[in-house]
Amino acid sequence: VGSVENGTTHRCDMRAGKSLLDAHNRPLRDLRISVTDRCNMRCRYCMPREVFGSDFAFLARVDILTYEEIDRLVGLFTSLGVRKIRLSGGEPLLRKNLSDLISMLSLRDVEIAMTTNGVLLPRYAPALSAAGLDRVTVSLDALDEATFAAITDSGHTVAAVLAGIEAAESVGLGPIKINTVVKRGANEDEIIDLVERFSSRDIATRFIEYMDVGTTNGWAMDEVVTANEIRNLIGDLEPIDPTHHGEVAKRYRLPQGGEVGLITSVTEPFCGDCSRARLSVDGHLYTCLFAGGGLDLLTPMRLGANDEQILSLISGCWQEREDRYSEVRSNHPSTETRVEMSFIGG
Ligand code: SAM
Ligand code: SF4
Ligand code: SF4
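Q: Can you walk me through the overall build of the protein chain in this structure?
A: If you tally the helices and strands in the protein chain, you get 11 helices and 12 strands. Whereas a compact globule of 346 residues would reach a radius of gyration of roughly 20 Å, the protein chain reaches 20 Å, a difference of no more than 12%. A buried classification covers 55% of the 346 residues belonging to the protein chain. Looking at the protein chain alone, contacts between residues at least 24 apart form 73% of all its contacts between residues at least 6 apart. Carbon and sulfur atoms make up 50% of the accessible area of the protein chain, which totals about 14,700 Å².

Q: Hey, could you run me through the site of ligand 2 in this one?
A: All residues in the neighbourhood of ligand 2 are listed as C39, M41, C43, C46, M47, G90 and N117. Tallied by class, residues from the shell around ligand 2 come to five nonpolar, two polar and no charged.

Q: Please clarify how the side chain of R329 should be interpreted in this entry.
A: As for its position among the elements, R329 is in the loop between α10 (307-319) and α11 (341-344). Those residues within four positions of R329 in sequence are excluded, and the remaining contacts are D212, W219, S265, V266 and F290.

Q: Quick question: what am I supposed to make of the pattern of salt bridges here?
A: Close approach of charged atoms lets side chains of opposite charge pair. Taken as a whole and assessed by the stated rule, the structure comprises 20 salt bridges. In this structure, the salt-bridge partner of R44 is D153, at a minimum N-O distance of 3.9 Å. In this pair, R44 sits in the loop between β1 (30-34) and α2 (67-79) while D153 sits in the loop between α5 (145-152) and α6 (158-170), placing the two residues 109 residues apart along the sequence. Residue class for R44 comes out partly exposed when judged on its relative accessible area of 31%. The residue E166 makes a salt bridge to R201 at a minimum N-O spacing of 3.3 Å. Separated by 35 residues along the polypeptide, E166 in helix α6 and R201 in the loop between α7 (191-199) and β6 (204-209) bring together distant segments of the chain. The class for E166 is partly exposed, based on a relative accessible area of 43%. The exposure class assigned to R201 is partly exposed, which follows from its relative accessible area of 28%. Each member of the salt-bridge network shares a partner with another, and the members are D22, R26, R321 and D323.

Q: Can you walk me through the pairing of strand β10 (residues 276-279) in this structure?
A: Remark: a regular strand shows side chains that alternate across the two faces of the sheet. Across the two faces of β10 the burial is the same, with R276 and R278 and A277 and L279 all buried. The pairing of β1 with β10 spans four bridges and is parallel. Bridge pairing in β10 links R32 to R278. Bridge count for β10 against strand β11 (residues 284-286) is two bridges, and the pairing is antiparallel. Following the sheet pairing, L279 is matched in β11 by L285. Counted between consecutive antiparallel strands, the loop separating β10 from β11 contains four residues, among which G283 sits at a positive phi close to 75°.

Q: Would you explain the nonpolar core in this entry?
A: Nonpolar side chains in soluble globular proteins tend to end up buried together. Membership of the largest hydrophobic core comes to 106 residues, with the highest contact counts inside it found for L73, L87, L140 and F207. Not counting chain neighbours up to four residues away, the residues in contact with L87 comprise I33, V35, P92, L101, I102, L105, I112, A113, M114 and T115.

Analysis parameters
- Residues numbered from 1 in each chain as written.
- Chains lettered and ligands numbered in written order.
- Predicted model: local features only at pLDDT ≥ 70, side-chain atom pairs only at ≥ 80, totals over all residues.
- Heavy atoms only, no water.
- Helix = DSSP H or I, 4+ residues; strand = E, 2+ residues; numbered from the N terminus.
- Rg over C-alpha atoms; globule rule 2.2 N^0.38 Å.
- Buried < 20%, exposed > 50% of the residue type's maximum accessible area, 1.4 Å probe, protein only.
- Contact = heavy atoms within 4.5 Å.
- Areas by Shrake-Rupley, 256 points an atom, 1.4 Å probe, with all protein chains shown as cover.
- Near = heavy atom within 4 Å.
- Nonpolar A, V, L, I, M, F, W, Y, C, P; charged D, E, K, R; others polar.
- Salt bridge = Lys/Arg side-chain N within 4 Å of Asp/Glu carboxyl O.
- Pairing = 2+ DSSP bridges.
- Core = buried A, V, L, I, M, F, W, Y, C linked by side-chain atoms within 4.5 Å.

In structure tokens:
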């Protein structure tokens, strides 16, 4: 099950109020959890249908973390400093009885957020909110139905996502944020419409630079609409100070009220503040979105490892962490192995 010799030391450090730090002095604060590798959409930049088609082998139920295992790991991660959990996927709302997991996590000292494509929110938002989900981020790349259909390559509609946003708002899952990946030639002409639609409702839209995550989306730099281009397009943006260390989006106030965010992972990387770990569907700990592999926690847990032993594995892994992929992107060959985003949670 791995070495336990440092387990007690790490625990003592945490009890003394010291943060667990990685090799670049970054604390562990956020945990993103992929609860399923399946999705009801096939966004071209994430799960292209040619790869994730009807014959794709998704994980079997026995190979994915149970809710009890996730809850146990969240308890251990919080003892190491994690304060925010984000449930993601794949599409998290495809996992059966997700509100049961949220009920369990709500007893822990963490904020619980979720990223979703939104179409199942009308069905599940009330139960999720009642179970203790704090807020949702809804992904929406276009308001125009034809553009949306071309990007998401599924039978779902913008109208369904908007209904999901309404449903989340009505049960208090706010402040809601919108995630929009901007890809050249696909949806840059949607930016202004999205800003206008949501700023008037006090919902922040966050524009994300198209990333070279995974190896299946055929990413090319010239398809990235840069944060600078987006800033110039929107114009008249007043920067807002970050509310906390390690905030992912650069935030701006709009002259008409409301705000937008830019997630500038490609052209203005923010690895220096990255306090995020990721837990894959099959229980591996990844310390970077662009990692080629992760640390297996599922096997030791199922072999009977105790909490000290699992804590030692997690803290040892974090202390060795040197990742800063986005800052050194050009040093990485495009052929290298990288895990898919649906597997580790965006
Ligand atoms: N299915 C859910 C959804 O779409 O919100 C959650 C999982 S999805 C992987 C999480 C986020 O990652 C989404 O906002 C999605 O737009 C973003 N994403 C996926 N692939 C991306 C890429 N290549 N570049 C930038 N963002 C990406
Ligand atoms: Fe599914 Fe979300 Fe990926 Fe789109 S971005 S394919 S909705 S997991
Ligand atoms: Fe964090 Fe890796 Fe992204 Fe850098 S590239 S911000 S280390 S997840």
